[in-house]
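One-letter residues, chain by chain:
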Amino acid sequence: EVQLVQSGAEVKKPGESLKISCKGYGYSFTTNWIGWVRQMPGKGLEWMGIMYPEDSVTKYSPSFQGQVTLSVDNSISTAYLLWSSLKASDSAMYYCVRALRDGSGTYIDNWGQGTLVTVSS
Amino acid sequence: QSVLTQPPSASGTPGQRVTISCSGSSSNIGSNYVYWYQQLPGSAPKIVIYRDNQRPSGVPDRFSGSKSGTSASLAISGLRSEDEADYYCAAWDDSLSGFDVFGTGTKVTVL
């Protein structure tokens, strides 16, 4: 069974750095796209970025380019989402997703349970 | 800000048919596939329609998708209480270097 298991909730202060993780189980981690979706409180879904672990090809949404960094550690089938300096507006639920891309669309077939990030002074 | 526009809400009584629209442009819906996701309260989303009108296994045939030009629709027939959720369309957008966008989302309420 395919599973994406995310790290636990985080409470941080503005300006701090943060790395959250997502470990894939039950499938070939390196040959499936893995991405991140943000959901701010009471709001809709927003694509942040997506990466192909085998060759580290990464695509960022223009809204998130330069704001976050995606990375992976293929040896432990884990994807990461990194912030170097958090802002209060980064407070949100973050989902990691497994996705299938075919040149005309992206099919998210598995979602992690979500990691809630709260940034407050 | 999303480039795919959905009505904020839709509602119906049990057994009725509800339709949700998703309006885009030639760079997204007009030239790429549309996907629909259901998000039940307090849960992660799950896909209900892919490639415009295909249903993943396990999704009831009460859910159907269609597309015409730069708009797409999700229909839920025989509405049930467990269909009360937020629904999001999504599509690849050629103007974003082949990146995807989600719609603004529609809250479906079963009266």
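Cut-offs used in this document
Residues numbered from 1 in each chain as written. Chains lettered and ligands numbered in written order. Predicted model: local features only at pLDDT ≥ 70, side-chain atom pairs only at ≥ 80, totals over all residues. Heavy atoms only, no water. Helix = DSSP H or I, 4+ residues; strand = E, 2+ residues; numbered from the N terminus. Buried < 20%, exposed > 50% of the residue type's maximum accessible area, 1.4 Å probe, protein only. Contact = heavy atoms within 4.5 Å. Polar contact = N/O pair within 3.5 Å; in protein donor to acceptor, adjacent residues only side chain to side chain. Disulfide = S-S within 2.5 Å. Phe/Tyr/Trp six-rings, centres within 6.5 Å; stacked < 30°, edge-to-face > 60°. Buried area = accessible area lost by both parts, 1.4 Å probe. Salt bridge = Lys/Arg side-chain N within 4 Å of Asp/Glu carboxyl O. Nonpolar A, V, L, I, M, F, W, Y, C, P; charged D, E, K, R; others polar. 1 Å grid on protein atoms, 1.4 Å probe; cavity = no way out; pocket = protein on both sides within 12 Å on 5 of 7 lines; lining within 4 Å. Points joined across faces, edges and corners; volume = space filled by probe spheres on them.

## Observations concerning the environment of Ser7(A)
Residues and elements named next belong to chain A. Its place among the elements puts Ser 7 in the loop between strand E1 (3-6) and strand E2 (10-12). On the accessibility criterion, Ser 7 (19% relative accessible area) is buried. Taking the C-alpha atoms as reference points, Ser 7 and Ile 20, 13 residues apart in sequence, are found 6.1 Å from one another. If we ignore the near neighbours within four places in the chain, the residues touching Ser 7 are Ile 20, Ser 21, Gln 113, Gly 114 and Thr 115. Polar contacts involving the side chain of Ser 7 include one to the main-chain amide nitrogen of Ser 21, which spans 2.9 Å.

## Focus on the state of the cysteines
Note: disulfide means a covalent bond formed between the sulfur atoms of two cysteine side chains. All names here are of chain B. This structure, assessed with the given rule, holds 2 disulfides over all chains. At a sulfur-sulfur separation of 2.0 Å, the disulfide partner of Cys 22 is Cys 89. Here the disulfide of Cys 22 and Cys 89 is right-handed, its torsion about the S-S bond being about 70°. Of the two residues, Cys 22 sits in strand E2 (residues 18-23) while Cys 89 sits in strand E7 (residues 85-93), which places them 67 residues apart along the sequence. Take Cys 89: its relative accessible area is 0%, and that puts it in the buried class.

## Some words on the environment of Gly26(A)
Residues and elements named next belong to chain A. Along the polypeptide, Gly 26 turns up in the loop between strand E3 (18-25) and strand E4 (33-39). For the pair formed by Gly 26 and Gly 105, sequence separation is 79 residues and the distance between their alpha carbons is 24 Å. In contact with Gly 26, not counting residues within four places along its chain, are Glu 1 and Val 2.

## Quick look at the packing of aromatic side chains
Evaluation of the coordinates by the stated rule reveals 11 aromatic pairs over all chains. When the centroid spacing of 5.9 Å and the interplanar angle of 80° are considered together, the rings of Trp47(A) and Phe99(B) count as edge-to-face. Within this pair, whereas Trp47(A) is found in strand E5 (residues 45-52), its partner Phe99(B) is found in strand E8 (residues 99-102), the two belonging to separate chains. Take Trp47(A) and Phe99(B): they sit in the same class, and that class is buried. Ring centres of Tyr107(A) and Tyr50(B) lie 4.8 Å apart, and the angle between their planes is 35°; this geometry places the pair in the tilted category. In this pair, Tyr107(A) is assigned in strand E10 (residues 106-111) and Tyr50(B) in the loop between strand E4 (46-49) and strand E5 (63-68), connecting two distinct chains. Linked through ring pairs, Trp47(A), Tyr95(A), Trp111(A), Tyr37(B), Phe99(B) and Phe102(B) together constitute an aromatic cluster.

## Observations regarding the interface of chain A and chain B
Taken together, the contact pairs 25 residues of chain A with 22 residues of chain B. Interface area for chain A against chain B, summed over the two sides, is near 1900 Å², with a carbon-plus-sulfur share of 62%. Among the residues of chain A in contact with chain B, Leu45(A), Trp47(A) and Tyr107(A) are the three that bury the most area, contributing 31% of the side total. Summed over the shared surface of chain A and chain B, the number is 2 salt bridges. Of the charged contacts in the structure, one is a salt bridge between Asp100(B) and Arg101(A), with a shortest N-O distance of 3.3 Å. Counting the contacts that link chain A with chain B gives 9 residue pairs in polar contact (both at pLDDT 80 or more). Breaking the side of chain A that touches chain B down by element, the ones donating at least two residues are E4, E5, strand E6 (57-60), strand E9 (92-101) and E10 of chain A. Residue classes in the side of chain A that touches chain B are distributed as 11 nonpolar, 9 polar and 5 charged.

## A word on the layout of surface pockets
Picture a little ball the size of a water molecule; that probe, rolled over the atoms, points out where space is still empty. Estimates place the volume of the second largest pocket at around 290 Å³. Lining the second largest pocket we find 18 residues, and of these Gln39(A), Lys43(A), Gln39(B), Asp86(B) and Tyr88(B) sit closest to its centre. Listing elements by their share of the lining of the second largest pocket, those giving two or more residues are E9 of chain A together with E7 of chain B. In terms of residue count, the dominant contributor to the lining of the second largest pocket is E7(B) (3 residues). By residue class, the composition of the lining of the second largest pocket is 7 nonpolar, 8 polar and 3 charged.

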